[in-house]
Amino acid sequence: MTIYLPDSVSLFRQAFDAVCDRILQSKNTTAFYMLYVELIKNLREHPLLENFILELEAETTKHKQAFSIAALEALEDSWLRLWKYHRRLKHRKQLVHIKRMITMPEAISYSPLYNRILFSMWEFRYHSPFFRSINEAPRLFQSAQSEINLAPVQFDYSSSSEAYFAKRKVTQCKLGAKDKRRNLHNKIFNPGPPKKIMKFRRSAECVRNALFSRKIAEIEQKFIIPGQNDDEKRQNMQIMAETNPVICWERLRFLRECFIANGTFPAPAPFKGRWSSVREMAWNSARERCDIEVFKGAKMALGQKLSPDPCSSIDLFLMCEHRIHRRDYERYLHSLKNHIQAQLFKIESIQQKAAEENPLLVLPGTQKKNFVIDLANKCWKINPNANYDEVYLHYLINCPASRQLSRTSWERIIRKAKIDPRPKEAKKRGPGKKTLQN
């Protein structure tokens, strides 16, 4: 054990800062991660921060449970919509195979269960002819609208050869005054001034929204790390860790879980029966198994980076939040220092308040003259030329706030004891010699 953190708040603060500096200045990356994991273990077991860490982990567990429930409902809703609009046996077999990722898992992957199933559904939609036609429908409808022309009619004639185009000649005939063809004749040969081309304003029917669950968008907004690419997600994770101690501790806990993950991949446990009866058990079992696979995959990827011939082949199969980079965890450690310092100030204020309110924790005899005289002697021993203001300030610092004497009472005790070591010239009181006596 190379890290020791004392139980006293002041000593803990000094030791913790020294350990953080030691970790950040470590040149060996392997030693960096080993000291990092050991620090996490010590903080989790330390009596000063035990309740604080337990509260953070309880919030993390609550957040994961809420995400698990919402993810199961969203994926189930999306799956039912796909099943409703795909009647062919070939497509329904593919949907059954997606659902078996929960009840009868087979393959081993390095991604969480929710992302794995969501990607399979997206892949199914991409290859489905039904969804391809829906995706192309708005574009085809808009192109058809743009080609509709309600301007006056013009007859064109195209010859068999493609060398030229010419207008077809129409012979004008005489029509009677009551002939119904006169209106058509006027439209063709006497169109008048050109009219503005009109287009249909009716939009295509929004069938796409009925085939995608709205709960997916709600989950991405509430639970998923925002960002268009890996760089934005890493930056947002650093911001979240700096502003939220729960997210910061969750990132550190993930590193520790990766280090303690040992053994082979867990064997999949199939669940047989109706979906309504095995729904929650199968989901929780598959989710926990996928989480263990993520920890093992992240550990393998970290081992590849720390090897003599570093590579990152497994990193390609991991999500951005599961990739371990030293620069990211250095910034997480800076964020942790800020959160721990804030918690230590809270602990100090609570201890001070308890000492003031509890008479059993107050030093005996603080309002007696011996206590006042002893403190004054200690102060004048360190600084013989200290005036009354400096000595009284020393008294206020070392005496509980609820047991402090007033300035006049304190001065009366000091003058009667005649312990002021200063010369007579330095002890002049000024014009106001008489003071109020308390």
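You'll find the structure just up there.
Read on for a plain summary of the structure. Keep in mind it's a predicted model, so treat the numbers as computed, not measured.

### Here's the deal with the packing of helix α4 (residues 89–103) against helix α12 (residues 275–306)
Inference 1: Interhelical geometry of α4 versus α12 gives an angle of 70 degrees and a closest axis separation of 7 Å. In terms of axis orientation, α4 runs roughly perpendicular to α12. Note on element contacts: α12 touches α4 through Trp275, Ala282, Trp283, Ala286 and Arg289, opposite Lys99, Met101, Ile102 and Thr103.
Inference 2: Of the residues belonging to the contact of α4 with α12, the class tally is 6 nonpolar, 1 polar and 2 charged.

### So, the packing of aromatic side chains
In this description, a pair of aromatic rings is defined by centroid distance and the angle of the planes.
Inference 1: Tallied over the full model, the rule gives 16 aromatic pairs.
Inference 2: Between the aromatic rings of Trp380 and Tyr388, the centroid separation amounts to 6.3 Å while the plane-to-plane angle is 55 degrees, which identifies the pairing as tilted.
Inference 3: A connected cluster of aromatic rings, assembled from ring pairs, spans Phe32, Tyr33, Tyr36, Phe259, Tyr329 and Tyr332.
Inference 4: Over the face of the ring belonging to Phe345 we find Arg13, whose NZ or CZ atom lies 4.9 Å from the ring centre.
Inference 5: Against the face of Phe32 rests Arg326, its NZ or CZ located 4.2 Å from the ring centre.

### So, helix α15 (residues 388–398)
Inference 1: Tyr388, Val391, Tyr392 and Tyr395 are the residues of α15 that are buried. One side of α15 holds all its buried residues, which, seen down the axis, span an arc of 95 degrees.
Inference 2: Of the surrounding elements, those touching the buried residues of α15 are α14 (369–382) and α16 (407–417).

### Notes on a nonpolar patch on the surface
Inference 1: There is a patch of nonpolar side chains on the surface, built from Phe119, Trp122 and Tyr126 and spanning about 400 Å² of accessible area.
Inference 2: For Phe119, the location among the structural elements is in helix α5 (residues 113–127).
Inference 3: Owing to a relative accessible area of 48%, Phe119 belongs among the partly exposed residues under this scheme.

### Looking at unusual backbone geometry
Trans is the common state for peptide bonds, and a negative phi is the common state for residues other than glycine.
Inference 1: For Lys418, which is not glycine, the phi dihedral falls at a positive 50 degrees.
Inference 2: Tracing the sequence through the fold places Lys418 in the segment after α16.

### Quick look at the packing of helix α2 (residues 29–45) against helix α11 (residues 245–260)
Inference 1: Their axes nearest at 10 Å, the elements α2 and α11 cross at an angle of 115 degrees. In terms of orientation, α2 lies roughly perpendicular with respect to α11. Viewed along their axes, α2 and α11 form a crossing whose handedness is left-handed. Each of Tyr33, Tyr36, Val37, Ile40, Lys41, Leu43 and Arg44 in α2 lies in contact with α11, whose residues at this interface are Trp249, Leu252, Leu255, Arg256 and Phe259.
Inference 2: Taken together, the residues that form the contact of α2 with α11 break down as 9 nonpolar, no polar and 3 charged.

Cut-offs and rules
Residues numbered from 1 in each chain as written. Predicted model: local features only at pLDDT ≥ 70, side-chain atom pairs only at ≥ 80, totals over all residues. Heavy atoms only, no water. Axes fitted to C-alpha atoms, helices over the stretch in contact; angles between N-to-C directions. Helix = DSSP H or I, 4+ residues; strand = E, 2+ residues; numbered from the N terminus. Parallel < 35°, antiparallel > 145°, perpendicular 65-115°, else oblique. Contact = heavy atoms within 4.5 Å. Nonpolar A, V, L, I, M, F, W, Y, C, P; charged D, E, K, R; others polar. Phe/Tyr/Trp six-rings, centres within 6.5 Å; stacked < 30°, edge-to-face > 60°. Lys NZ or Arg CZ within 6 Å of the ring centre and 35° of its normal. Buried < 20%, exposed > 50% of the residue type's maximum accessible area, 1.4 Å probe, protein only. Arc of directions from axis to C-beta. Patch = residues over 30% accessible without salt bridge, like charges linked within 9 Å, V, L, I, M, F, W, Y side chains within 5 Å. Areas by Shrake-Rupley, 256 points an atom, 1.4 Å probe, with all protein chains shown as cover. Salt bridge = Lys/Arg side-chain N within 4 Å of Asp/Glu carboxyl O. Left-handed = near helix turned anticlockwise from the far one by under 90°.

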